[in-house]
Amino acid sequence: MPVTLFIANKAYSSWSMRPWLLMASMGIPFEEVVIPMARPDSKKKMLKHSPVGKMPALKDGDVIVYESISVIEYIAEKYPQKNIWPKNKAARALARSLSAEMHAGFQALRQHCPTVFRRPVKARELTPEAALDVARLESAFANTRKAYGRGGPFLFGKFTAVDAMFAPIVTRLHIYDIKVSKTTRAYMDAIMALPAYQAWIKDAAKEKWAIEKFDVI
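Cut-offs applied
Residues numbered from 1 in each chain as written. Predicted model: local features only at pLDDT ≥ 70, side-chain atom pairs only at ≥ 80, totals over all residues. Heavy atoms only, no water. Core = buried A, V, L, I, M, F, W, Y, C linked by side-chain atoms within 4.5 Å. Buried < 20%, exposed > 50% of the residue type's maximum accessible area, 1.4 Å probe, protein only. Helix = DSSP H or I, 4+ residues; strand = E, 2+ residues; numbered from the N terminus. Salt bridge = Lys/Arg side-chain N within 4 Å of Asp/Glu carboxyl O.

K.L.:
Hey, could you run me through the nonpolar core in this one?
P.N.:
If you look at the biggest cluster of nonpolar residues, it comprises 63 residues, and the most contacted ones within it are Ile84, Leu109 and Phe166. Secondary-structure elements contributing two or more residues to this core are strand S1 (3–7), helix H1 (14–26), helix H3 (68–78), helix H4 (89–104), helix H6 (128–148), helix H7 (161–175), helix H8 (182–192) and helix H9 (195–206). The leading source of residues in this core is H7, at 10 residues. Formed by 6 residues, the second largest nonpolar core is a distinct cluster that contains Phe6, Ile35, Met46 and Met55.

Shown next, in the form of structure tokens:
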């Protein structure tokens, strides 16, 4: 029986995208339930599936898992044959560290350039703090690709959980037309070429739910 993944709007929910993209790209079966954000009953509905009242959340029988990174770890344990994390011990440690950094960091860039998956590409001048976040991203991407990127276009060659964690911020770099290096652009293009990524973007464009403060950004 497939697990159920509860997500928020595909147009806006970067956190929901991460486990969705991972499972869709890895061929892991799941049922999808969308609970839109910013509606009068959103919190009530989300609390039925997550104690923090936020999406995503995963239901596997009697097990409930919430927070993107925890959902990803649960899926990695449930499907060890999928190699959701790199096999090499040192590579796996770095991948987990980068994922944790993404989960907790880059606040200036997140606030200055909110995720709106259906936003037309339009340049935005960065604040000094957001520019520092971009510099850190570019350094992390370049160093990881140099050390472990042989064998494919992703951070550790083949697509793994850490790429799913960075996919929403890749979107930010793209939709706000942020100037990046060739290495970063090549990595962005690899993420955005994933069939699962393209499917998410198409679904986001078709959603009828709207949050005006985001759509006018």
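K.L.:
Sorry, what's going on with the pattern of salt bridges here?
P.N.:
Oppositely charged side chains can form a pair if their charged atoms are brought close together. Overall, the coordinates contain 9 salt bridges when judged by the stated rule. A salt bridge links Glu73 to Arg96; the shortest N-O distance between them is 2.9 Å. Of this pair, Glu73 sits in helix H3 while Arg96 sits in helix H4, and the two are 23 residues apart along the sequence. With a shortest N-O distance of 4.0 Å, Lys206 and Asp203 are connected by a salt bridge. Here the residue Lys206 and the residue Asp203 both occupy positions in helix H9, the gap between them amounting to 3 residues, near one helical turn. Assessed through its relative accessible area of 63%, Lys206 is described here as exposed.

Worth remembering: the numbers are spatial, not functional.
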